[in-house]
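# What the coordinates show
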Amino acid sequence: MGITLIAMPFDVLAPAKVNLFLNVTGRRDDGYHLLESLFVFTGLADRIDGWSSELPHIHVSGEFAAGVSADQANLVLQACELMRRESGVAKPMSFCLEKYVPVAAGLGGGSADAAATLSALNDYWELNWPQHRLLSLARELGADVPACLIDKPVIARGIGDELSPAPALPSYALLLANPRVETPTPAVFKAFARANPAIAARSLPSLPAGWDSVAALARDLAARGNDLLPAALSVTPGITPVLEALRGCERVAYAGLSGSGATCFALFATDEDANAAGEALLHDHAEWWFWWPGKIMG
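Residues numbered from 1 in each chain as written. Predicted model: local features only at pLDDT ≥ 70, side-chain atom pairs only at ≥ 80, totals over all residues. Heavy atoms only, no water.

## So, the pairing of strand β8 (residues 254-257)
- Here β8 shows two buried faces, one formed by Tyr254 and Gly256 and the other by Ala255 and Leu257.
- In textbook terms, the turn of a hairpin is the stretch between consecutive antiparallel strands, and for β8 and strand β9 (residues 264-268) this stretch comprises six residues, one of which, Gly259, has a positive phi near 55 degrees. (Buried < 20%, exposed > 50% of the residue type's maximum accessible area, 1.4 Å probe, protein only. Helix = DSSP H or I, 4+ residues; strand = E, 2+ residues; numbered from the N terminus. Pairing = 2+ DSSP bridges.)

And the structure:
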């Protein structure tokens, strides 16, 4: 039975993720670290346009285009080729990728792009594959891709391949800040491994069924923290002033590092509080990159 190819292009958004906490729970024999992390997703997103073409191609634009490959190393093209191989669709695809999520920043930009591509092609080619089949492909593309495919708050365990629904979250707002320095994830994990040659078993604080306030969420985030923070600081010392600035914001409930960095986040009860803090920080640190609810990107 043939696959219907649609002539009209599609466009999708690829939302950035934030790790509200991240704990290293062990290391496998192959060197991969085992994690437990709370993923949430933001209004910050890349945009992907795609259409059937004679040759595979990707054009990258947007604020962070310079840091993104426009060849087969790009995760959009890798996701597409994986879907073509699995589905039997012969017609190549071309894409335009608008990059608004910083690169090597702990926000899962490339992973989000890959996940959005898998989901979009499932619809575009009318495959109607169930989520579990897409998740099996997502695991081949990277540790964060499965969570990005879900695109809802999740707890990720293992190497990112074990997903479960997150506890119920209160209404909250995030302010993101980055010193405009790329922080490659492999470098951070290497630094972590050097500082932690053996990972002792430990009991992590349990998670509730849900949090009824930002203050309650902030208390549990503080108890969990981000185990990669010291390693990230050793790789990118410029994270320190960003994190200190966020922790000094008025009405901030909690501030931490997302993933392996260098993006830091601050948690607020309302969009208005995040907006006010963002405007004040932008005035004092125009050299940094910022995002908050309602901020116009690009």
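## Brief notes about the sheet that holds β8
- Taken in spatial order, the four strands line up as β8-β9-β7-β10 in an open sheet, and their pairing is antiparallel. Each end of this open sheet is capped by a strand with a single partner; those strands are β8 and β10 (289-291). Within this sheet the neighbouring strands show an average axis-to-axis angle of 20 degrees, counted without direction.
- Pairing of strand β7 (residues 173-178) with β9 involves five bridges; the strand directions are antiparallel. When the sheet's bridge partners are listed, Leu174 is paired in β9 with Leu267.
- Across the face of the sheet, helix α6 (residues 214-224) comes into contact with β8 and β9 while running at roughly 145 degrees to β9.
- Seen against the sheet, helix α8 (residues 239-247) touches β7, β8 and β9 and runs at an angle of roughly 5 degrees to β9. (Axes fitted to C-alpha atoms, helices over the stretch in contact; angles between N-to-C directions. Contact = heavy atoms within 4.5 Å.)

## Details of unusual backbone geometry
- Cis rather than trans, the peptide bond between Gly261 and Ala262 has omega equal to 15 degrees.
- Tracing the backbone shows Ala262 in the loop between β8 and β9.
- At Ala104, a residue that is not glycine, the phi angle is positive and equals roughly 50 degrees.
- Structurally, the position occupied by Ala104 is in the loop between β4 (93-98) and α2 (109-124).
- One non-glycine residue, Asp151, lies in the positive phi region at around 60 degrees.
- The class of Asp151 is partly exposed, set by a relative accessible area of 35%.

## A closer look at the pattern of salt bridges
- Applying the stated criterion to the full structure yields 14 salt bridges.
- Linking Asp11 and Arg47 is a salt bridge whose minimum nitrogen-to-oxygen distance equals 3.9 Å. One end of the pair, Asp11, is in strand β1 (residues 10-27); the other, Arg47, is in strand β2 (residues 33-52), and 36 residues separate them in sequence.
- Residue classification places Asp11 among the partly exposed positions, given a relative accessible area of 47%.
- Its relative accessible area of 33% is what places Arg47 among the partly exposed residues.
- For Asp113, the salt bridge identified is with Lys99, shortest N-O distance 3.4 Å. In this pair, Asp113 is assigned in helix α2 and Lys99 in the loop between β4 and α2, connecting sequence segments 14 residues apart. With respect to burial, Asp113 and Lys99 carry one shared label: buried.
- Residues participating in the shared-partner salt-bridge network are Asp11, Arg47 and Asp49. (Salt bridge = Lys/Arg side-chain N within 4 Å of Asp/Glu carboxyl O.)

## Quick notes on the pairing of strand β3 (residues 57-61)
- The side-chain alternation of β3 yields one buried face, formed by Ile58 and Val60, and one unburied face, formed by His57, His59 and Ser61.
- Here β3 pairs with β4 via five bridges, running parallel. Counted as the bridge partner of Val60 is Leu97 from β4.

Purely spatial values, then, with no claim about function.
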